Amino acid sequence: MNELPLPGWHEALAAALHARIGPAGRRRTVASVQDIWVRLVRFVRFLDGLPDAPARPQDLVVAQVIAFEQARAASTKQRYVWADVREVGKLLSAAPLRKLVAQEVLDYVAKRTPLLLETKPGYSDRELRAITRAARTDVAKIRDRVLAGHALVARYHHAPQSLAAVEAEHAELLARIESTGVVPAIASPVHLAPRARLELAEQLFLTLADLAPLLVLLVAVTGYNVETIKELPAEHRLLEDRAVELRVIKRRRGVQRWSETVTWEIGPPGRELRTPGGLYLLLHRMTAAGRRFTGSQDLWSVWRMGSRAGVSGCEEHFSPFRRSLALSNLYTSRWAARHGLTADPADADTEDAPPALALPVEFNRLKTSIDVRRTKQMGGHLPSSAKTNTAPVLFRNYLRNDPTTIAWAQDVFGESLLDAEQSALAAHHRALERAGGALAVISGPADADHLEQAGLDATTARRSADRQLDTAWSACTDHDHHPATGKPCRQSFLDCFQCGNCLITRDHLPRLLGLLDAFTTRRQQLSEDQWWARYGKAWAAIRHDVVTKFSPAEIEQAAAAKTTDAMLDLVEKPWNQT
């Protein structure tokens, strides 16, 4: 900071920068911090070059900010100008600068601006199928290649007599490589030697060429953005061989939400390329040997040709995303071209259509495609569809400009339905606020130990696990003391979803899904007004505050066992029958 001009700004700027990039800030990657610093330096140096340069933050006026904006517009695109002004505005709005800068300046830098970058639409269904099919095919080949090499080494150690002489010699070489991490040079012509070493290394380790299909398939299967996939940890926990639990980094979820715990379904044997947990564990197995030489806690480990990186021996193994997520040599376009992936024609109905163009594989577009598909599967309910982002972020960054989403939404949604849903959500939140503030929804296993770890006291956790607290569709932690009255509860079981005593675990999901089906049936029998008045709050609570807390694997498992009779008639007052 001392290298910058305008020393009267330094102390306040340093504090504002700390607010942006510190533990409670929203900028948390090296690249984003560097981006802020470049924009800050540009702004301060511009101010210093003005004839009436503001010596202190208190001296800054709107005209000087406008001059900065105009100077940037003369040499760069408008979207980058808006980016500079927006970042400067966030710094000026951070403590303690916001107490020093004039209010009219803060108002100007906080003005609404056009979208900085137009979000690209996702892929069509055909394009998405082609991309995932190609990635799955390549990952299957990678799996067979690496696991076959390790299987040969295992035979060499445990059953050497089963190997032929030539096979035993090769197995001995692979065993030495697996043990030491060093891939030796192969006696071959000079121009073929690098390729020979690569072919030897890839029998046991992942290589740079493997990253593109693996990343593509992981994004497609998990639904997470590629930055999160690049930072997957090696540490995980198996849940009854049915799911894998791990903490993933999700820097875009707001202050102090750098990471979150996810539970990914493993699936049956042979289906690991189609389930997030199965694919994660497969990658864990394939990188295990290389991780012993990288010293990294990351999941990823890749062998690279050391001559280009200036390393040799064990240092040829490295964690590709440890220093930076912006690894440039993923070669996704080259990978797509090798598979002959083509984009949909702009106008498929014309007879003289131009030849199909190569399909660029971009991870943001892939993530958008997965989010669009999930949103359609969830019936367009954004809170239920927001798996890896908040509902506003999902809509703003992924769905809003996607033509597939727009065309589908126009056929499905009506303004009256949206208004009714928002009204029901608001009514649900008001009722819940009066009776405890929040539902207790606990995903994962419903045993006493897990419930206690999730925050329940030991007695409540044990009684819940033993089904002693169950009501019609959920559990009640204190039936004798309603949060709003302090007296024994006299409410309908449909009102449980607006009560702070309500406890919902994975064991309740089948009944809740059956209740949702019953609501759907009643919707065909009642007018919209009657239906929303009777069931709107309960429906909104289940869809918004319950279902969204469980993983797709848990919901799918519950759907297979959901009840066919929700017993809705037993909890309604007689005069509600029509």
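Our subject is the structure listed above.
Bear in mind the structure is a predicted one, so any value in this text is a computation, not a measurement.

## Looking at the sheet that holds strand E1 (residues 237-239)
And then number 1: Strand order in the open sheet formed by three strands is E1-E2-E3, and the pairing between neighbours is antiparallel. Strands at the two margins of the open sheet, each flanked by one partner only, are E1 and strand E3 (259-265). Strand-to-strand twist across the sheet, computed as the mean angle between neighbouring axes with direction ignored, equals 35°.
And then number 2: When E1 meets strand E2 (residues 243-249), the two strands line up antiparallel, connected through three bridges.

## Side note on unusual backbone geometry
And then number 1: Of the consecutive residues Ala95 and Pro96, the connecting peptide bond is found in the cis state with omega at 0°.
And then number 2: Note that Pro96 resides in the loop between helix H4 (78-92) and helix H5 (97-100).
And then number 3: Here the phi dihedral of Glu240 falls at roughly 55°; this positive angle occurs in a residue that is not glycine.
And then number 4: Tracing the chain through its elements places Glu240 in the loop between E1 and E2.
And then number 5: Residue Glu240 is classed as exposed on the basis of its relative accessible area of 60%.
And then number 6: With phi around 55°, Asp241 is a residue other than glycine that occupies positive phi space.
And then number 7: The topology assignment puts Asp241 in the loop between E1 and E2.
And then number 8: The class for Asp241 is exposed, based on a relative accessible area of 62%.

## Some words on a negative patch on the surface
And then number 1: Together, Glu240, Asp241, Asp447, Asp449, Glu452 and Asp457 make up a region of like negative charge exposed at the surface.
And then number 2: Here Glu452 lies in helix H20 (residues 448-453).
And then number 3: Glu452 sits in the partly exposed class, given a relative accessible area of 41%.

## Details of the pattern of salt bridges
And then number 1: This structure, assessed with the given rule, holds 21 salt bridges.
And then number 2: As a salt-bridge pair, Arg237 and Glu245 come within 2.9 Å of each other at their nearest N and O atoms.
And then number 3: On the basis of relative accessible area, Arg237 is assigned to the partly exposed category, the value being 39%.
And then number 4: When the shortest N-O distance is used, the salt bridge between Asp470 and Arg511 registers 3.0 Å. Placement of the pair is Asp470 in the loop between helix H21 (458-465) and strand E7 (475-476) and Arg511 in helix H22 (residues 509-523), with a sequence separation of 41 residues.
And then number 5: Since its relative accessible area comes to 18%, Arg511 is described here as buried.
And then number 6: What you see here is one network of salt bridges that share partners, running through Asp35, Arg39, Arg42, Arg72 and Asp84.

## Here's the deal with the sheet that holds strand E6 (residues 440-442)
And then number 1: An order of E6-E8-E7 is seen for the three strands of this open sheet, with the pairing classed as mixed. Edge strands, defined here as strands with exactly one partner in the open sheet, are E6 and E7.
And then number 2: The sheet contact formed by E6 and strand E8 (residues 502-505) spans three bridges and is parallel. When the bridges of E8 are listed, Ala440 appears paired with Leu503.

## Comments concerning the state of the cysteines
And then number 1: Evaluation of the coordinates by the stated rule reveals zero disulfides.
And then number 2: There is no disulfide at Cys489, and the cysteine sulfur nearest it, in Cys499, is 6.1 Å away.
And then number 3: Since its relative accessible area comes to 19%, Cys489 is described here as buried.

## As for the packing of aromatic side chains
And then number 1: For the structure on display, the rule yields eight aromatic pairs.
And then number 2: On the basis of an interplanar angle of 85° and a centroid distance of 5.1 Å, the ring pair of Phe43 and Phe68 is categorised as edge-to-face. Note that Phe43 is positioned in helix H2 (residues 30-48) and Phe68 in helix H3 (residues 62-73), a separation of 25 residues in sequence. Each member of the pair, Phe43 together with Phe68, is buried.
And then number 3: Ring geometry for Trp531 versus Tyr535: centroids 6.4 Å apart, planes at 65°, classification edge-to-face. With a gap of four residues between them, Trp531 and Tyr535 both fall in helix H23 (residues 528-546), about one helical turn apart.

## Observations concerning the packing of H22 against helix H24 (residues 552-560)
And then number 1: Between H22 and H24, the shortest axis-to-axis distance is 8 Å and the interhelical angle comes to 75°. In terms of orientation, H22 lies roughly perpendicular with respect to H24. Where H22 approaches H24, its residues Leu509, Pro510 and Leu513 are matched on the opposing element by Glu554, Ile555, Ala558 and Ala559.
And then number 2: Class assignment of the residues belonging to the contact of H22 with H24 gives a composition of six nonpolar, no polar and one charged.

## Structural notes on the pairing of E3
Successive side chains on a regular strand alternate, one facing one side of the sheet and the next facing the other.
And then number 1: Side chains Glu260, Val262 and Trp264 project from E3 onto a buried face, and the interleaved Ser259, Thr261, Thr263 and Glu265 project onto a face without burial.
And then number 2: Pairing geometry for E2 and E3, over seven bridges, is antiparallel. Its bridge partner being in E3, Ala243 is matched across the sheet by Glu265.

## Overview of empty space enclosed by the protein
And then number 1: Summed over the entire model, instances satisfying the criterion amount to one cavity of 30 Å³ or more.
And then number 2: Lining the largest cavity, in full, are Trp9, Leu13, Leu40, Phe43, Val88, Leu91 and Leu92.
And then number 3: Elements that contribute at least two residues to the lining of the largest cavity include exactly H2 and H4.
And then number 4: Per-element accounting of the lining of the largest cavity gives the leading share, three residues, to H4.
And then number 5: The class makeup of the residues in the lining of the largest cavity is seven nonpolar, no polar and no charged.

## Some words on helix H1 (residues 10-21)
And then number 1: The end-to-end C-alpha distance of H1 is 16 Å, a good match for the 16 Å that 12 residues give at a rise of 1.5 Å each.
And then number 2: What H1 keeps buried is the set His10, Ala12, Leu13, Ala16, Leu17 and Arg20. Down the axis of H1, the sector holding all buried residues measures 160°, keeping them to one side. Seen from the buried face of H1, the exposed residues on the opposite side, beyond 90 degrees, are Glu11 and His18.

Conventions used here
Residues numbered from 1 in each chain as written. Predicted model: local features only at pLDDT ≥ 70, side-chain atom pairs only at ≥ 80, totals over all residues. Heavy atoms only, no water. Pairing = 2+ DSSP bridges. Helix = DSSP H or I, 4+ residues; strand = E, 2+ residues; numbered from the N terminus. Axes fitted to C-alpha atoms, helices over the stretch in contact; angles between N-to-C directions. Buried < 20%, exposed > 50% of the residue type's maximum accessible area, 1.4 Å probe, protein only. Patch = residues over 30% accessible without salt bridge, like charges linked within 9 Å, V, L, I, M, F, W, Y side chains within 5 Å. Areas by Shrake-Rupley, 256 points an atom, 1.4 Å probe, with all protein chains shown as cover. Salt bridge = Lys/Arg side-chain N within 4 Å of Asp/Glu carboxyl O. Lys, Arg positive; Asp, Glu negative; His and termini not counted. Charge placed at Lys NZ, Arg CZ, Asp CG, Glu CD. Disulfide = S-S within 2.5 Å. Phe/Tyr/Trp six-rings, centres within 6.5 Å; stacked < 30°, edge-to-face > 60°. Parallel < 35°, antiparallel > 145°, perpendicular 65-115°, else oblique. Contact = heavy atoms within 4.5 Å. Nonpolar A, V, L, I, M, F, W, Y, C, P; charged D, E, K, R; others polar. 1 Å grid on protein atoms, 1.4 Å probe; cavity = no way out; pocket = protein on both sides within 12 Å on 5 of 7 lines; lining within 4 Å. Points joined across faces, edges and corners; volume = space filled by probe spheres on them. Expected span 1.5 Å × (residues − 1). Arc of directions from axis to C-beta.

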